[in-house]
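Spelled out from the first residue to the last, the chains are:
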Amino acid sequence: MTTTSAADNAPRYKVVGTRPLRHDALDKVTGAAKYGSDINMPSLLHGKILRSPHAHARIKSIDTSKAEALEGVMAVATSQDLPIIHQGPIDYASVQGNTRMIARNVLAHEKALYKGHAIAAVAATDAHIAEKAINLIEVDYEILPSVLSIDDALKSDAPLLHEEMTTWFRLDRGSRGEDTGEKSNIAGHIQHKLGDIEAGFRQADVIVEREYETQTVHQGYIEPHVSTAYWSADGRVTVWTSTQGAFQIRSQTAAILGLPEGTVKVIPMEIGGGFGAKSVTYLDPVTAILSKKTGRPVKILMDRKEVFEGSGPTSATKMKAKLGATKDGKITAGQLYLAYEAGAFPGSPVGGGALSGLGPYNIENMLIDGYDVVCNKQKVQAYRAPGQPQAAFAVECAIDELAEQLGMEPMALRLKNAVKEGDRMATGVPHSVFGCRELEESMVNHPHFSAPLDGPNRGRGIAVGYRWQGGQTSSATINVNSNGSLNLITGSVDIGGTRTAVAMQVAETLGLAVEDIFPTVGDTDAVGYTANTGGSRTAFDTGLAAIAAAEDVKKQMATRAALIWEVQDEDITFEDGTFICSKNPSDRLTFQELAARQMRTGGPITCSASADSTGVGAIFAGNIIDVEVDPDTGKVDILRCTAFLDSGRSVHPSFVEGQMQGGTVQGLGWALNEEYFYTDDGAMANSSFLDYRMPTSLDVPMIDCEVIEIPNPKHPYGLRGVGEAPIIPPLAAVANAVYNATGVRMYKLPISPTTILDELDASRKEKA
């Protein structure tokens, strides 16, 4: 990894910026770490879910008598067992954390809305009996016409998924907006306006307007969804689950079950991947209800087919991008139309695409319209920079085409219009400090940018990606041990080494070695409220909470030192892990020495803190990608890939590289291979890792990483989020590279061999 700092005099740290071993490394590589499926206990029952065979069907009746009569079956549950179902209709205007909507996805009520929608659940003495039992449940369906694409859903005579749903219009993603009263499959219309779009296009000498399309793709986490619950006789519910956010699962489960949150305890297990998709409940209320009925703990583990069919991928999209520029390359106007599939219930990530699509560019006149469209597919969930890779695919491909028509080098056009601090986002909010220009200059100056491309059918593509994000609340507790080591408890599920990244910030604050910090992830009873691990916020937000707790530790220990030396608290200074008496500098105690005396100076030191985010801010990433395209087979080989990222400050450079490489690989799969194949009746035809083609180590080269550090003024150590932005640019970078290799532009993903051959054939016929 190469790192470029914003200034030669940037502060240097003893811990932040180093590469220690992660605290959970040994457990992870030896198999000692405990995941959701490792839960086992006396009298444990096993559950299975019956899923709809139809994409759209009214549930007329459910007969569970035969299943209940099967020996070994202990309980059966349907949506009628969820108390929230009986509390009234869904408020379709609320798309985030809408527990009534979530409940109807957990177990279908009145209608099945996609193939794989959960209908009923069984708990039995073993999984084989439970599997047999769900096949004995008789469901009387009235099959309804379905809509399986955006185009079908938007037709004037399209069947409605939700007869009571009306379209809500929002001028920005933070407002509830207004109800248009129009009934359709459009759940929401979000719009951003800046300047005068018509005047902007009148100023343009060159205008590019194109349509783009992407397909449904899955996050591809290795560990399937799993939940175990025990509803004890005293009315308390304990849930062991694979999740990115224990507190969110607690609130959702409690609301669906009609319980106070304090009676539900969620224990997050180690997580085998999530990428945003494990932030919502699918199984936890079901295992809890089955446990209540049986008085025994119940575990449900999805198989891979269920993960594909019964959990949430990200949106397929239909998009239009229109860009105008003067002859000298000044972009005068940008317009986006973004239609995103939400699946069976409202809540696609179109807001992320709308806010971020034109983010890399300083454009005075913008108009962005985003549409949240329901259809008879799985309810979509977050996937790493939700909604932003799709929008960037459209914008970055259009930027390259605009540059070609202007006769400009594509990076020159990007640099000429690069956004900077103070420029306005599409919402009108000024940008804060981030490294857009610095990163693009790093791309131009990188050896990869000017390296020769030897051989025919080879091409080089570039793209950049912008992500804006806020932040949320986190909590942390520090216990000081008598030997000077610390126990650090946070509520953030560890994805990508966040335990260690947060511990490193504590170590830096207290002048300790990171090996002196022992971080653990607490359950919802053990630590203060902490929002999900996601949104590239965890090292930043949970770091803030941990730093605040560490500062309190420092303050309390200074008080102990003042007591020992019989001076005032303000007479104590702290330097490099040592407490010093300013009145007598020879009086010194190391952190470890003072910790050993805590029991004689007032007792144990335990400090807790909760911190509201100061706002993670903008993140910027880029790619240079070389490809070779076989004109006879349409196969695309990735020859070379360099990923660029403004990390703010890299707490652990190896973790930053891992996020860059992982996100880039996912973007490459999205660009070239991955998609849900649906049959005409709405069934997924490739619901296995054998048929759903994710990249392997044989498909990608070593991804080089170039990190640019423009410290974030909103964090004491300059951190910025790093987890999501790397997936944004690869889609467009690959498409631009394929164009440079073949001379044919790709407007649809994935760029599969069949797609390339079809486009090449169409191009030959057009020229003939």
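Focus on the overall build of the chain
Helix and strand counts for the chain come out as 20 helices and 29 strands. Since a compact globule built from 768 residues should have a radius of gyration of about 27 Å, the 27 Å found for the chain is in line with a globular shape. Contacts in the chain between residues at least 24 apart in sequence constitute 78% of all its contacts with a sequence separation of at least 6. Here the chain has roughly 28,500 Å² of accessible surface; of this, 50% comes from carbon and sulfur atoms. Side-chain charges in the chain split into 70 positive and 93 negative, and the spacing between the mean points of these groups amounts to 2 Å.

Focus: the pairing of strand E22 (residues 517–521)
Where strand E21 (residues 486–490) meets E22, five bridges bridge the pair, whose relative direction is parallel. Bridging from a neighbouring strand, Leu488 pairs with Pro519 of E22. Following the backbone out of E21, through helix H15 (residues 498–510) and into the adjacent parallel E22, one traces a crossover that is right-handed.

Points about the packing of helix H11 (residues 388–406) against helix H19 (residues 730–742)
In the contact formed by H11 and H19, the axes pass within 8 Å of each other and the chain directions differ by 35°. The handedness of the crossing between H11 and H19 is right-handed. Residues Pro389, Gln390, Ala392, Phe393, Glu396, Cys397, Asp400 and Glu404 of H11 lie in contact with H19, whose contacting residues are Leu731, Ala732, Ala735, Asn736 and Tyr739. When grouped by side-chain class, the residues that make up the contact of H11 with H19 number eight nonpolar, two polar and three charged.

Side note on the nonpolar core
Grouped together as the largest cluster of nonpolar side chains are 98 residues, with contacts concentrated most on Leu338, Leu402, Val627, Val734, Val738 and Ile751. The greatest single-element share of this core, amounting to eleven residues, is contributed by H11. When residues no more than four places from it in sequence are discounted, the contact partners of Val738 are Val627, Val629, Val636, Gly743, Val744, Met746, Ile751 and Ile756. Among the nonpolar cores identified, the runner-up in size contains 46 residues, and Ala561, Val567, Ile605 and Leu719 belong to it.

What about the pattern of salt bridges?
A full pass over the atoms with the stated rule returns 41 salt bridges. The closest approach of N and O atoms between Arg250 and Glu261, which form a salt bridge, is 3.3 Å. Here Glu261 lies in the loop between helix H7 (246–257) and strand E14 (264–268) and Arg250 lies in helix H7, a separation of eleven residues in the sequence. Arg250 sits in the buried class, given a relative accessible area of 14%. The partner of Glu628 in a salt bridge is Arg458, with the nearest N and O atoms 3.6 Å apart. Within this pair, whereas Glu628 is found in strand E27 (residues 617–629), its partner Arg458 is found in strand E19 (residues 458–469), the two being separated by 170 residues in sequence. Residue classification places Arg458 among the partly exposed residues on the basis of a relative accessible area of 30%. A cluster of three or more residues bridged by salt bridges with shared partners is formed by Arg22, Asp24, Lys28, Glu270, Asp494 and Arg499.

Considering the pairing of strand E12 (residues 226–231)
Within a regular strand, side chains alternate between the sheet's two faces. With five of six residues buried, E12 is to be regarded as a mostly interior element. In terms of strand pairing, E12 meets strand E15 (residues 298–301) through four bridges, oriented antiparallel. Looking at E15, one finds that Val226 is bridged to Leu301. In this sheet, strand E13 (residues 237–241) lies alongside E12 in antiparallel orientation, the contact comprising five bridges.

Details of the sheet that holds strand E24 (residues 578–581)
With antiparallel pairing, the three strands of this open sheet are ordered in space as E23-E24-E25. Two strands lie at the open edges of the sheet, namely strand E23 (572–575) and strand E25 (588–590), each paired on one side alone. Strand-to-strand twist in this sheet, taken as the mean axis angle between neighbours without regard to direction, amounts to 25°.

Things to note about the packing of aromatic side chains
In this structure the tally under the stated criterion is 15 aromatic pairs. Between Tyr383 and Trp670 the ring centres are 5.3 Å apart and the planes differ by 10°, which places this aromatic pair in the stacked class. Linking Tyr383 in the loop between strand E18 (366–374) and H11 with Trp670 in helix H18 (residues 653–672), this pair joins segments that are 287 residues apart in sequence. You'll find Tyr383 and Trp670 in the same group, each marked buried. Geometry around Tyr337 places Lys320 over its ring, the cationic atom sitting 5.4 Å from the centre.

Description of the packing of H15 against helix H16 (residues 538–565)
Running from N to C, H15 and H16 point in directions that differ by 35°, and their axes come no closer than 9 Å. In this structure, the crossing between H15 and H16 has a hand that is right-handed. Residue-level contacts link Thr498, Ala501, Val502, Gln505, Val506, Thr509 and Leu510 of H15 to Thr538, Ala539, Thr542, Gly543, Ala546, Ile547, Ala550, Glu551, Val553 and Lys554 of H16. Its residues assigned to classes, the contact of H15 with H16 comprises nine nonpolar, six polar and two charged.

A word on the environment of Asn712
With respect to the helices and strands, the residue Asn712 is situated in the loop between strand E29 (703–709) and H19. Residue Asn712 is classed as buried on the basis of its relative accessible area of 3%. Beyond its immediate stretch of four places on either side in the chain, Asn712 contacts Phe540, Gly615, Val616, Gly648, Gly718, Leu719 and Arg720. Within polar-contact distance, the side chain of Asn712 engages the backbone oxygen of Leu719 at 3.0 Å.

Rules and cut-offs
- Residues numbered from 1 in each chain as written.
- Predicted model: local features only at pLDDT ≥ 70, side-chain atom pairs only at ≥ 80, totals over all residues.
- Heavy atoms only, no water.
- Helix = DSSP H or I, 4+ residues; strand = E, 2+ residues; numbered from the N terminus.
- Rg over C-alpha atoms; globule rule 2.2 N^0.38 Å.
- Contact = heavy atoms within 4.5 Å.
- Areas by Shrake-Rupley, 256 points an atom, 1.4 Å probe, with all protein chains shown as cover.
- Lys, Arg positive; Asp, Glu negative; His and termini not counted.
- Charge placed at Lys NZ, Arg CZ, Asp CG, Glu CD.
- Pairing = 2+ DSSP bridges.
- Right-handed = clockwise from strand over helix to strand, strands pointing away.
- Axes fitted to C-alpha atoms, helices over the stretch in contact; angles between N-to-C directions.
- Left-handed = near helix turned anticlockwise from the far one by under 90°.
- Nonpolar A, V, L, I, M, F, W, Y, C, P; charged D, E, K, R; others polar.
- Core = buried A, V, L, I, M, F, W, Y, C linked by side-chain atoms within 4.5 Å.
- Buried < 20%, exposed > 50% of the residue type's maximum accessible area, 1.4 Å probe, protein only.
- Salt bridge = Lys/Arg side-chain N within 4 Å of Asp/Glu carboxyl O.
- Phe/Tyr/Trp six-rings, centres within 6.5 Å; stacked < 30°, edge-to-face > 60°.
- Lys NZ or Arg CZ within 6 Å of the ring centre and 35° of its normal.
- Polar contact = N/O pair within 3.5 Å; in protein donor to acceptor, adjacent residues only side chain to side chain.

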